[in-house]
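Below are the chains, spelled out letter by letter.
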Amino acid sequence: MIIAVDTEDTSLRYSEMKLLGVTICRKIGNDYDCHYYDFALDVDSLAFGAVQTIIKQADLVALHHASFDLNVLHKFGFGAPRAIFDTQVAAHLIDENRGYGLKALAQELLGVEKPLTFIQASEEGYHSSKFYDYARLDGMWTYQLYELFEPLLREQKLDGLFYEIEMPFQFVLAEMERKGIKVDEDTLKGVHPKIKDDVDELVIEMSKILGLRWGWSNNLFSGERELIGANFASNPFLIEIFEKLKLPIVDKTEKGNFSVGIKTIERLRDQHPFVAKLAEWRDLQKLYTAFIQPLVGQIESDGYVRSSYKDCGTRIGRLSCANPNLQQLPREG
């Protein structure tokens, strides 16, 4: 028996998500039999047992973004399928240049015109026919994509890679995401304001060197004090500054336009105090905006961060990481 499974949840965060329901879709003749089990109010023992048994007995379970749904099934006690077919990974292997979201694939390959978003579907509540239809369609599209991709993988001789390497690896990714990484929250929250102050101080120092105006303002949403001044992340602005300082720019973009990049900054950092401060600011600013600031907001209630890993997120086959992206951690030194 081959089935498609899709889960609906209240959150993408493992420790905080609550189960809304599970869709089971199978093919009977030429028809798709898709049933949505609503668990939003109560996990009915009979319905739970039915879903659990169907998943356990299935020869193959089609999922879209398998690592996520595997973790939902694990958290709420449904168990793990014996074998899976991840339609997201299949889409990427067959054509790495296309989008691989379920709705995007349904539009491109299944002729679906305007699929509802989760927010649109839940406007009338989680127990509405609108939401039930949305959930069932997700399951049906996953099954239809399985039917479309399965022969294509064999035709392109990708079936060995897909079944022997990629599919077992999804269980590894699911466990990595589920376990997460423990964060020293007190230390991180202590470093956060200090790094922010250091970044602001460098902006002030650079502004003073150039004779530019700067000041402070209160953020309307957070109420925190924010530095108002020059945008040193703007390439056109930096080009203008370097030209006024008569500093030669060596970096160029792919289109041949000048750019104040790392080569220019490293080459000139000892020739002008502004460039030295700019180099220091760029390093600290990236540390703050790309790692420290996002990480503070990604810590879950149990003190862990749980990134989402995908091996179909890059064209070169490299594992991608998001929410937060731990792969962009700076190296020591």
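Calculation criteria
- Residues numbered from 1 in each chain as written.
- Predicted model: local features only at pLDDT ≥ 70, side-chain atom pairs only at ≥ 80, totals over all residues.
- Heavy atoms only, no water.
- Phe/Tyr/Trp six-rings, centres within 6.5 Å; stacked < 30°, edge-to-face > 60°.
- Helix = DSSP H or I, 4+ residues; strand = E, 2+ residues; numbered from the N terminus.
- Buried < 20%, exposed > 50% of the residue type's maximum accessible area, 1.4 Å probe, protein only.
- Lys NZ or Arg CZ within 6 Å of the ring centre and 35° of its normal.
- Pairing = 2+ DSSP bridges.
- Salt bridge = Lys/Arg side-chain N within 4 Å of Asp/Glu carboxyl O.
- Axes fitted to C-alpha atoms, helices over the stretch in contact; angles between N-to-C directions.
- Contact = heavy atoms within 4.5 Å.
- Disulfide = S-S within 2.5 Å.
- Polar contact = N/O pair within 3.5 Å; in protein donor to acceptor, adjacent residues only side chain to side chain.
- Lys, Arg positive; Asp, Glu negative; His and termini not counted.
- Parallel < 35°, antiparallel > 145°, perpendicular 65-115°, else oblique.
- Core = buried A, V, L, I, M, F, W, Y, C linked by side-chain atoms within 4.5 Å.

Undergrad: Is there a simple way to think about the packing of aromatic side chains in this case?
TA: Pairs of aromatic rings are described using the distance from one ring centre to the other and the angle between the two planes. If you walk through the whole model with that rule in mind, you get 19 aromatic pairs. Their ring planes at 45 degrees and their centres at 5.4 Å tell us that Tyr36 and Tyr132 sit as a pair that is tilted. Here Tyr36 is found in strand 3 (residues 31–38), whereas its partner Tyr132 is found in helix 6 (residues 129–155), with 96 residues between them in sequence. A relative accessible area of 22% means that Tyr132 is categorised as partly exposed. A ring pair is formed by Tyr143 and Tyr146, whose centres lie 5.8 Å apart and whose planes are at 80 degrees; its orientation type is edge-to-face. You can see Tyr143 and its partner Tyr146 sitting in helix 6, three residues apart, about one turn around the helix. As far as the burial class goes, Tyr143 and Tyr146 line up, both buried. An aromatic cluster is defined as three or more aromatic residues linked by ring pairs; in this entry it consists of Tyr32, Phe85, Tyr143, Tyr146, Phe162 and Tyr163. Directly above the aromatic system of Tyr14 lies the positively charged group of Lys75, at a separation of 5.3 Å from the ring centroid.

Undergrad: When you look at the pairing of strand 2 (residues 19–28) in this model, what are you seeing that I'm missing?
TA: Within a regular strand, side chains alternate between the sheet's two faces. Within strand 2, seven of the 10 residues are buried, which leaves it mostly tucked inside the rest of the structure. Taken together, the seven bridges between strand 1 (residues 2–9) and strand 2 define a ladder with antiparallel strand orientation. Residue pairing across strands places Asp6 opposite Thr23, the latter belonging to strand 2. Following strand 2, the chain reverses through two residues before pairing antiparallel with strand 3; Gly29 in that reversal takes a positive phi of roughly 65 degrees.

Undergrad: What is the right way to look at the pattern of salt bridges in this model?
TA: A side chain with one charge can pair with a side chain of the opposite charge if their charged atoms come near. Tallied over the entire structure, the rule returns 18 salt bridges. One salt bridge connects Glu123 with Lys130, and the closest N-O pair in it is separated by 3.3 Å. Classification of Glu123 by relative accessible area gives exposed; the value is 58%. Looking at Lys130, the relative accessible area reads 23%, which means it is partly exposed. For Lys244, the salt bridge goes to Glu240, with nearest N and O atoms at 3.3 Å.

Undergrad: Honestly, the sheet that holds strand 1 in this entry has me stumped. Any pointers?
TA: Read from one edge of the open sheet, five strands run 3-2-1-4-5, paired in mixed fashion. Looking along the sheet, the strands with just one partner apiece sit at the ends: strand 3 and strand 5 (84–86). Each strand of the sheet is rotated relative to its neighbour by a mean of 25 degrees, with strand direction disregarded. Pairing analysis gives three bridges linking strand 1 to strand 4 (residues 60–63), with the strands arranged parallel. Across the sheet, residue Ile2 finds its bridge partner in strand 4, namely Leu60. Sheet contacts for helix 2 (residues 66–75): strand 1, strand 2, strand 4 and strand 5; angle to strand 1, the most-contacted strand, approximately 75 degrees.

Undergrad: I tried to follow the state of the cysteines on my own but got confused; where do I start?
TA: A covalent bond between the sulfur atoms of two cysteines is what we call a disulfide. Counting across every chain of the model gives one disulfide. Disulfide pairing places Cys25 opposite Cys34 at an S-S distance of 2.3 Å. Exposure remark for Cys34: the relative accessible area of 15% places this residue in the buried category.

Undergrad: How should helix 3 (residues 87–94) be read in this particular structure?
TA: Along an α-helix, residues three or four positions apart point the same way, because every turn accommodates 3.6 residues. Of all the eight residues making up helix 3, seven are buried; the element is thus mostly covered by neighbouring parts of the structure. Along helix 3, the residues classified as buried are Thr87, Gln88, Val89, Ala90, Ala91, His92 and Ile94. On the buried face of helix 3, the contacting elements are strand 4, strand 5, helix 4 (102–110), helix 6, helix 7 (159–179) and strand 10 (308–310). Sitting at the amino-terminal end of helix 3 is Asp86, which places a side-chain oxygen 2.9 Å from the backbone nitrogen of Gln88.

Undergrad: Quick question: what am I supposed to make of the side chain of Asp69 here?
TA: Along the chain, Asp69 falls in helix 2. One buried charged side chain, Asp69, makes no salt bridge at all; its nearest oppositely charged neighbour is Lys103, positioned 10 Å away. Beyond its immediate stretch of four places on either side in the chain, Asp69 contacts Val5, Asp6, Thr7, Leu63 and His64.

Undergrad: How should the packing of helix 9 (residues 235–244) against helix 11 (residues 273–298) be read in this particular structure?
TA: Axes are the key here: two packed helices are described by the angle between their axes and the distance separating the axes. Where helix 9 meets helix 11, the axes come as close as 11 Å, and the angle between the chain directions of the two elements is 155 degrees. With respect to their mutual orientation, helix 9 and helix 11 come out roughly antiparallel. Residues Leu238, Ile241 and Phe242 of helix 9 lie in contact with helix 11, whose contacting residues are Phe274, Val275 and Leu278.

Undergrad: Looking at this structure, I do not really get the nonpolar core. What am I missing?
TA: Considering soluble globular proteins, one finds that nonpolar side chains tend to be buried as a cluster. Counting residues in each nonpolar core, the largest one holds 47 residues, and the members touching the most others are Ile24, Phe78 and Phe85. The greatest single-element share of this core, amounting to six residues, is contributed by helix 6. If near-sequence neighbours (up to four positions away) are discounted, Phe85 is found in contact with Leu60, Val61, Ala62, Leu63, Ala90, Tyr146, Phe149, Glu150, Leu153, Phe162, Tyr163 and Met167.

No statement about biological role is implied by the geometric values presented.
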